[in-house]
Amino acid sequence: MALQGPEELGERVEEPEDLDDQDASSISPAEEITLPPGAGGEEEAEKTFLLPWDRFSSWLHCICVVGFDLELGQAVEVIYPHHSKLSEKEKTSICYLSFPDSNSGCLGDTQFCFRFRQGSNRKSSLSCFLETTDRDAPPCLKKEQGHYYGYVYFRQVRDKSLKRGYFQKSLVLISKLPYVTFFHSLLKIMAPEYFEKQEPCLEAACNDIDRWPTPHPGRILTLPIMGVVIKVRIPTSYDKPGTSQLVQSAQGDSLVSIVLPTIHEVDLFRCFHPVFFHIQMLWELVLLGEALVVMAPSPAESSETVLALVSCISPLRYCSDFRPYFTIHDNEFKEYTTRTQAPPSVILGVTNPFFAKTLQHWPHIIRIGDMKHAGEMAKQMKVKKLKNLKTLDSKPGVYTAYKPYLNKDEEIIKQLQKGVQQKRPSAAQNAILRRYFLELTQSFIIPLERYVASLMPLQKSISPWKSPPQLRPFIQQDFMKTLEKAGPQLTSRLKGDWIGLYRLFLKSPNFDGWFRNRRREMTQKLEALHLEALCEEDLQQRIQKHTEVETVDLVLKLKDKLSQAEKEHLPVHPGTLAKLRSHIDAVILALPDDLQGILHKPSTP
């Protein structure tokens, strides 16, 4: 909105900080351009606007039962709630992805997850309402836009009464939310009950879920399900990275059966144990959005490893496609396995031996063995050449010609090896590895955060009567020059070709996604500051110099500003929007009655 007349407001919006002596975990310019989640009337508003099944839809799209029919093969037998919509293509994807490949030999109960593309021309349930909850979520926990997650509890047991000789069925939760630990815990409660009591208990579970509060970040939620009570806290983007999300049980929590310390984190040490001599190289490959395939014995191990890879660059969001479990029947099979072009930026988890041949042209292949032996000492392994990977039975390891940009960090390897020798608990090993990845990612991203913060215009350049100033462009050469004095060496002991790593990263989908998000946040901050500057103006005095036409134009522009601020949830100080409304009302009241009617003067309380 261009309103005329110059005005000056003082200091710089954001200055790059001197970070030399600060703790790496506390340095994000993002903190300066966001405000803590608003407290107050959101829960009341939630109760007012929610309709039947809205609460359910804020957690899940639907629940499916997938069975095996001798004539039809895998088939979706039941969808709850019955009004849930799935296209035929989506049903087919769910059918094939809900069962392990026959070679996996998964007897008993198996849990894993998959991810598949959402059909086009269909809006996701409750998308407008969930914008508020999504706004405060950390990048890695934001709702999926074009994909669904499927969380599977698969049971295969011998049953002589069936022609096939086996009972095979999966209970599948379909959701936009990447809460892998939470949904797997939920399935551990629901699935055994379902396999025993069948459909009536599914209906009861859906009704329970429809009484849950919506998954709002920052709130501690108590969630009753089938006679069990789960207590969780959804993390927020304002939490300090690396801090525990453990919900402490209070004395009044005698009814709580399960307290989940995390809703989404997998056990990194268990997942990376077969290849943990190469964790630093894997971090680089994920950071750069390289094409990666994980070959594992079962969907449980493939999905956990893919999720571990995606999360190892946290708090950065992995912005390319990833498939925790991928089969030859997948809709994207041809697209992702073609040899006519370079492999796409995607991480695939596979179990079918056929992929050892189909994907042998891929540049980076991780072969994972059985994870049950994660307590044993892993042997020192060299990176293997791709030509040595002929079958899925090849030895565990990393098959690639990639040369890491950073020197190997021997300290973390020694620390983890010592933990194995001393029988350190798996949770402690996991915490050490998670902290290592976090510090590595933060050391890498801090120089970028610092440079991007310097692109903010001075606050004194914001005039209420002119359009908000634009961010300065990101210039790669200028950024590279900052690395000599303010690069990762300030926070990381690792040596190596950091410059080369940055060069490649700036071409990757992960940089593109990160920068788009930061630019949007900073643009919103400028809009918010512009709005606050407008609120400090004496509009009554200003309109005395205006004609009626100019005043009406001003009112319409101010209303547009207000509407934009509400729609985009601009990070303005509390009371700013109310102040602007009262300014608009006052200006309208100063106009003749006929114009007041045209401008829809709000009714006074």
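Everything quoted here is computed from the prediction, not taken from an experiment. (Residues numbered from 1 in each chain as written. Predicted model: local features only at pLDDT ≥ 70, side-chain atom pairs only at ≥ 80, totals over all residues. Heavy atoms only, no water.)

**Overview of the overall build of the protein**
The helix and strand tally for the protein stands at 20 helices and 13 strands. Residue burial in the protein is summarised as follows: out of 605 residues, 53% are buried. Contacts in the protein between residues far apart in sequence, at least 24 positions, make up 75% of those at least 6 positions apart. Carbon and sulfur atoms make up 52% of the accessible area of the protein, which totals about 28700 Å². (Helix = DSSP H or I, 4+ residues; strand = E, 2+ residues; numbered from the N terminus. Buried < 20%, exposed > 50% of the residue type's maximum accessible area, 1.4 Å probe, protein only. Contact = heavy atoms within 4.5 Å. Areas by Shrake-Rupley, 256 points an atom, 1.4 Å probe, with all protein chains shown as cover.)

**Description of helix H19 (residues 576-589)**
Look at H19: 20 Å from first C-alpha to last across 14 residues, which is about the 20 Å you get at 1.5 Å a residue. Within the sequence span of H19, burial applies to Thr576, Leu577, Leu580, His583, Ile584, Val587 and Ile588. The buried side chains of H19 occupy one side of the element, clustering within an arc of 135 degrees when seen end-on. If you follow the buried residues of H19, they end up packed against helix H16 (509-535), helix H17 (539-543), helix H18 (548-568) and helix H20 (593-598). (Expected span 1.5 Å × (residues − 1). Arc of directions from axis to C-beta.)

**Let's talk about the pattern of salt bridges**
Counted by the stated rule, this structure contains 22 salt bridges. Note that Lys197 and Glu193 form a salt bridge whose closest N and O atoms lie 3.0 Å from each other. In this pair, Lys197 and Glu193 are both assigned in helix H5 (residues 180-197), 4 residues apart and thus about one turn of the helix distant. Classification of Lys197 as partly exposed rests on a relative accessible area of 45%. Arg323 is the partner of Asp321 in a salt bridge, and the nearest nitrogen-oxygen pair spans 2.9 Å. Since its relative accessible area comes to 10%, Asp321 is described here as buried. (Salt bridge = Lys/Arg side-chain N within 4 Å of Asp/Glu carboxyl O.)

**With respect to the sheet that holds strand S11 (residues 346-350)**
Within the open sheet, the 5 strands sit side by side as S10-S11-S9-S12-S13. Their pairing is mixed. Pairing within the sheet leaves two strands with one partner each, and these edge strands are strand S10 (321-323) and strand S13 (397-400). Recorded for the sheet is a direction-independent mean angle of 15 degrees between the axes of neighbouring strands. Taken together, the 3 bridges between S10 and S11 define a ladder with parallel strand orientation. Residue pairing across strands places Asp321 opposite Val346, the latter belonging to S11. Where helix H8 (residues 279-287) meets the sheet, its contacts fall on strand S9 (292-295), S11, strand S12 (364-367) and S13, and the angle it forms with S13 comes to roughly 50 degrees. With respect to the sheet, helix H9 (residues 299-311) is in contact with S9, S10, S11 and S12, its orientation differing from that of S11 by roughly 160 degrees. (Pairing = 2+ DSSP bridges. Axes fitted to C-alpha atoms, helices over the stretch in contact; angles between N-to-C directions.)

**Comments concerning the pairing of strand S7 (residues 228-233)**
Taken across its 6 residues, S7 has 6 buried, putting it largely inside the fold. Taking every second residue as pointing to the same face, both faces of S7 are buried, with Val228, Ile230 and Val232 on one and Val229, Lys231 and Arg233 on the other. Inspection of the sheet shows strand S6 (residues 220-225) paired to S7 by 6 bridges, in the antiparallel sense. Counted as the bridge partner of Thr222 is Lys231 from S7. In this sheet, strand S8 (residues 258-259) lies alongside S7 in parallel orientation, the contact comprising 2 bridges. What sits directly across from Lys231, in S8, is Val259.

**Digging into the nonpolar core**
Of all hydrophobic cores here, the largest spans 111 residues; its most connected members are Trp59, Phe182 and Leu448. Ala528, Leu558, Ala565 and Leu599 belong to the second largest nonpolar core, which has 23 residues in total. (Core = buried A, V, L, I, M, F, W, Y, C linked by side-chain atoms within 4.5 Å.)

**Let's talk about the packing of H18 against H19**
Orientation of H18 relative to H19, taken along the N-to-C sense of each, is 160 degrees, at an axis distance of 10 Å. In terms of orientation, H18 lies roughly antiparallel with respect to H19. Here H18 runs over H19; the crossing is left-handed. Residues Thr551, Val555, Leu558, Lys559, Leu562, Ala565 and Glu566 of H18 form the contact with H19, whose participating residues are Leu577, Leu580, Arg581, Ile584, Val587 and Ile588. Residue composition of the contact of H18 with H19, grouped by class: 9 nonpolar, 1 polar and 3 charged. (Parallel < 35°, antiparallel > 145°, perpendicular 65-115°, else oblique. Left-handed = near helix turned anticlockwise from the far one by under 90°. Nonpolar A, V, L, I, M, F, W, Y, C, P; charged D, E, K, R; others polar.)

**A word on the pairing of S9**
It is a general feature of regular strands that their side chains alternate between the two faces of the sheet. Residues of S9 alternate between two faces, with Leu292 and Val294 on one and Val293 and Met295 on the opposite face, all of them buried. Both S9 and S12 contribute to a ladder of 4 bridges, which runs parallel. In the sheet register, Val294 faces S12, and the bridge partner there is Ile366.

**What to know about the confidence of the model for the protein**
For the protein, the mean per-residue pLDDT works out to 82, and 82% of the residues sit at or above 70. Low pLDDT, under 50, characterises residues 1-46; the predicted model gives this stretch 109 contacts beyond four residues in sequence or across chains. (pLDDT = per-residue confidence, 0-100.)

**Section: the sheet that holds S7**
Reading across from one edge, S6-S7-S8 is the order of the 3 strands in this open sheet, with mixed pairing throughout. A single partner strand is all that each edge strand has here, and the edge strands are S6 and S8. Sheet strands in contact with H5 are S6, S7 and S8, and its direction is about 180 degrees off that of S7.

**Some points on the packing of aromatic side chains**
On inspection of all chains with the given rule, the structure shows 41 aromatic pairs. Arg115 extends its terminal NZ or CZ atom over the ring of Phe322, reaching a point 4.1 Å from the ring centre. Note that Lys176 overlies the ring of Tyr148, its terminal NZ or CZ placed 4.7 Å from the centroid. (Phe/Tyr/Trp six-rings, centres within 6.5 Å; stacked < 30°, edge-to-face > 60°. Lys NZ or Arg CZ within 6 Å of the ring centre and 35° of its normal.)

**Focus on the side chain of Thr400**
Looking at where Thr400 falls in the secondary structure, it is placed in strand S13. Exposure remark for Thr400: the relative accessible area of 7% places this residue in the buried category. There is a polar contact of 2.7 Å between the side chain of Thr400 and the side chain of His364. At 2.9 Å, the side chain of Thr400 forms a polar contact with the backbone nitrogen of Tyr402. (Polar contact = N/O pair within 3.5 Å; in protein donor to acceptor, adjacent residues only side chain to side chain.)

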